[in-house]
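Secondary and tertiary structure notes
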Amino acid sequence: MAEDFVGVSGSLNDKLFEVPFEALEVRMAKEKPQLVPGLTALKKAMSAPAFERLISPLLNINLGDDALLLVAGDERVRTELIGKYLPVIKAAFNVSNIRVVGGARNGLDAY
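Since this is a predicted model, take the numbers as computed values, not measurements. (Residues numbered from 1 in each chain as written. Predicted model: local features only at pLDDT ≥ 70, side-chain atom pairs only at ≥ 80, totals over all residues. Heavy atoms only, no water.)

Within the structure shown, the criterion is met by 7 salt bridges. When the shortest N-O distance is used, the salt bridge between E52 and K43 registers 4.0 Å. The residue R53 makes a salt bridge to E80 at a minimum N-O spacing of 2.4 Å. Separated by 27 residues along the polypeptide, R53 in helix α3 (residues 48-54) and E80 in helix α4 (residues 75-93) bring together distant segments of the chain. Among the charged side chains, a salt-bridge network with shared partners connects E25, K43 and E52. (Salt bridge = Lys/Arg side-chain N within 4 Å of Asp/Glu carboxyl O. Helix = DSSP H or I, 4+ residues; strand = E, 2+ residues; numbered from the N terminus.)

Before going further, it helps to examine the pairing of strand β3 (residues 97-101). Because side chains alternate across β3, one face comprises the buried residues I98 and V100, and the other comprises N97, R99 and V101, none of which is buried. Examined bridge by bridge, strand β2 (residues 67-71) and β3 share 5 bridges and lie parallel to one another. Paired with L68 across the two strands is I98, which belongs to β3. Between the parallel pair β2 and β3, the chain is carried across by α4, and the sense of this crossover is right-handed. (Buried < 20%, exposed > 50% of the residue type's maximum accessible area, 1.4 Å probe, protein only. Pairing = 2+ DSSP bridges. Right-handed = clockwise from strand over helix to strand, strands pointing away.)

Residues I55, L58, I61, L81, I89 and F93 are the most contacted members of the largest nonpolar core, which totals 24 residues. Every element with two or more residues in this core is listed here: α1 (24-31), α2 (36-45), α3, β2, α4 and β3. Ranked by residues supplied to this core, first place goes to α4 with 6 residues. When residues no more than four places from it in sequence are discounted, the contact partners of I61 are L24, M28, K32, L35, L39, L68, L69, L70 and F93. (Core = buried A, V, L, I, M, F, W, Y, C linked by side-chain atoms within 4.5 Å. Contact = heavy atoms within 4.5 Å.)

The next thing to look at is α1. Among the residues of α1, L24, R27 and M28 are the ones counted as buried. All buried residues of α1 fall inside an arc of 95° around its axis, so they share one side. (Arc of directions from axis to C-beta.)

What follows is the structure in structure tokens.
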């Protein structure tokens, strides 16, 4: 028997639920509070419209000792972050190594 993940057969799959999108700042404050100081510094260093357009929709951020991984679902966001804001991001999170993963298919190929 095949699983009906999206309720195509007419029956609803009660294991799936929709989660409303939250901006990265909001999610990270709950899930990874250690990132909040870096995000706050980054928001001050970037213009508010640029932060909302490029940082808020990020899918995830991971911070290591001296490395930062940003997961963007859009190659255009990745390109702009690397091209314009790499030094600002490094300074905000006090890291020397940053990897920004973008990609097609809304970031699905980033995982």
